[in-house]
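Fold and contact review
Here is what each chain is made of, one letter per residue.
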Amino acid sequence: MIQVFADTPRDADRIRRAVHGDVQVVENAEELATDLGCDHSRLDRDHGRLDCVVVGCHTRFLHERIGLLTRLERELPWVPVILVTDRDAKAAKLLASTRCSALVWFDDPAARLRSRIEAACETTALEQLAERVRRSALPPALRRALVHGLRRAGSDPVPSVGALAAAMGSSPVTLSHEFTARVDGGATLCRFLSALVILRAHQLRLSGSSWTNAGGRLGFPRRTLNRKAHTWPGRSLADLERITPDRLLSAFVEEYVRPLLGQDVL
């Protein structure tokens with residue numbers, strides 16, 4: 001389910017029509033914050049799982065919404081928040097201290113909003129995978145490392161096995177061997193981490209970044225991203241743009257997660 005809150009009923013209706021599907025329009029910021037922060041169990045029971053929050057706010061009101069965006073980040077850290085606002089450079093500066101999964105301009109919500117919601121929800125799915133790994137019977141050091149990698153992938157993916165091992169205080173050789181042994185010599189930990197980079201780059205691209213900017217944000221030049229994409233999922237970056245986030249995530253699960261955890265993954 002997707003919750004929508006906007007400055008005016010007209011803006012809320014525009015966003016609702018652009019989103020389609022299971023949408024709940026919330027009429028005021030106080031109601032939104034109360035539903036999310038104080039009665040989340042009722043929200044889940046009445047409307048199904050909360051997948052995303054869309055806030056529509058014109059630039060002139062943005063100062064008043066910073067507190068709401070900050071509260072959403074604090075109370076629902078794994079629910080993506082999409083901001084629909086005016087095409088104005090001031091918006092990025094005002095939002096520097098808050099977490100928004102993507103920006104969509106009011107002049108093109110029908111063309112952009114759905115794809116950016118899908119891309120942002122990919123991050124939430126990674127957290128669900130991390131929780132499955134956390135509760136699995138994998139070797140403890142490998143389990144902690146994979147959970148760390150999956151959770152980092154939603155914002156700043158771990159770039160290498162060495163970096164992952166350093167963050168965990170483990171040996172890169174041990175982690176790599178434990179991973180390979182679990183999947184019977186198929187996928188490798190290095191490729192697992194590389195695939196997480198591609199998932200995040202794909203999410204950034206669908207959220208409006210160029211591949212060059214996405215690579216720069218993740219610490220990889222575009223040519224390296226392209227090489228990673230050819231390794232997994234075996235596509236060029238141009239071809240990757242035609243894959244929906246749910247299909248790409250499903251491919252990741254089949255290639256890397258199911259061999260680790262068995263059939264009961266999602």
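Residue positions are given per chain, counted from 1 along the sequence in the order it is written. Local features in this predicted model are restricted to residues of pLDDT 70 or higher, and side-chain atom pairs are both shown and tallied only at a pLDDT of 80 or more, whereas totals for entire chains, interfaces and linings draw on every residue. The basis for the side-chain values is all heavy atoms of the structure; hydrogens and waters are excluded.

1. Concerning the overall build of the protein chain
- Comment: elements are numbered from the N terminus, with helices defined as DSSP H or I runs of at least four residues and strands as E runs of at least two. In terms of helices and strands, the protein chain carries 14 helices and five strands.
- Here the term buried applies to any residue with accessible area under 20% of the maximum for its type, exposed to any over 50%, and partly exposed to those in between, with areas from a 1.4 Å probe on protein chains only. Among the 266 residues that make up the protein chain, the fraction classed as buried is 46%.
- The long-range share in the protein chain, meaning contacts at least 24 apart out of those at least 6 apart in sequence, stands at 61%.
- For the accessible areas, the method is Shrake-Rupley and the probe is 1.4 Å, while residue cover comes only from the protein chains on display. With the model as given, the accessible surface of the protein chain reaches about 12,600 Å², and the carbon-plus-sulfur share is 49%. In what follows, residue pairs with any heavy atoms lying within 4.5 Å of each other are defined as contacts.

2. Overview of the environment of Ala 102
- The topology assignment puts Ala 102 in strand β5 (residues 102–105).
- Along the backbone, Ala 102 and Ala 120 are 18 residues apart, and their C-alpha atoms lie at a distance of 7.4 Å.
- Ignoring anything within four residues of it in the chain, the contact list for Ala 102 reads Val 81, Ile 82, Leu 83, Arg 116 and Ser 207.

3. Some points on the nonpolar core
- Residue types Ala, Val, Leu, Ile, Met, Phe, Trp, Tyr and Cys, when buried and joined through side-chain atoms within 4.5 Å, form a set referred to as a nonpolar core. One finds Leu 146, Leu 150, Phe 179, Leu 189, Phe 192, Leu 196 and Phe 252 to be the most contacted residues of the largest nonpolar core, which totals 47 residues.
- Considering each element in turn, this core owes the most residues, ten residues, to helix α10 (residues 189–206).
- In this structure Leu 196 touches Leu 126, Gly 149, Leu 150, Ala 153, Pro 157 and Phe 252, once residues within four positions along its chain are discounted.
- With 17 residues, the next largest nonpolar core counts Ile 2, Val 4, Val 54 and Val 104 among its residues.

4. Here's the deal with unusual backbone geometry
- With an omega of 10°, the peptide bond running from Trp 232 to Pro 233 counts as cis.
- You can see Pro 233 is positioned in the loop between α12 (222–231) and α13 (237–240).

5. Overview of the confidence of the model for the protein chain
- Looking at the protein chain, the pLDDT average stands at 83 and 85% of residues meet or exceed 70.
- For every residue, the predictor states its confidence as a pLDDT score lying anywhere from 0 to 100. Ranking the elements of the protein chain by mean pLDDT puts helix α3 (residues 40–47) last with 35 and helix α8 (residues 161–168) first with 97.
- Taken together, the stretch residues 33–48 has pLDDT below 50 and engages in 31 contacts with residues farther than four places along the chain or on a different chain.

6. So, the pattern of salt bridges
- Whenever Lys or Arg places a side-chain nitrogen within 4 Å of a carboxyl oxygen from Asp or Glu, that contact is recorded as a salt bridge. For the structure on display, the rule yields twelve salt bridges.
- We note a salt bridge from Arg 135 to Glu 131, for which the minimum N-O separation is 3.2 Å.
- Taking the relative accessible area as the measure of exposure, Arg 135 reaches 54% and is therefore exposed.
- By sharing partners, the salt bridges in this structure join Glu 127, Glu 131, Arg 134, Arg 135 and Arg 151 into a single network.

7. Here's the deal with the pairing of strand β3 (residues 52–56)
- Counting buried positions along β3 gives five out of five residues, so the element sits mostly inside the fold.
- If DSSP finds at least two bridges between two strands, the strands pair. Pairing between β3 and strand β4 (residues 81–85): four bridges, direction parallel. By the bridge assignment, Val 55 is partnered in β4 with Leu 83.

8. Quick notes on the pairing of strand β1 (residues 2–6)
- Burial within β1 is extensive, with five of its five residues counted as buried.
- Neither face of β1 is exposed, since Ile 2, Val 4 and Ala 6 on one face and Gln 3 and Phe 5 on the opposite face are all buried.
- As paired elements, β1 and strand β2 (residues 23–26) share four bridges and run parallel to each other. Bridging from a neighbouring strand, Ile 2 pairs with Val 23 of β2.
- Tracing the backbone out of β1, into helix α1 (residues 9–19) and back to the parallel element β2 gives a crossover that is right-handed.
- In this sheet, β3 lies alongside β1 in parallel orientation, the contact comprising five bridges. Bridge pairing in β3 links Gln 3 to Val 53. Looking down the strands as they point away from you, a crossover is right-handed if its path from the first strand over the helix to the second goes clockwise.

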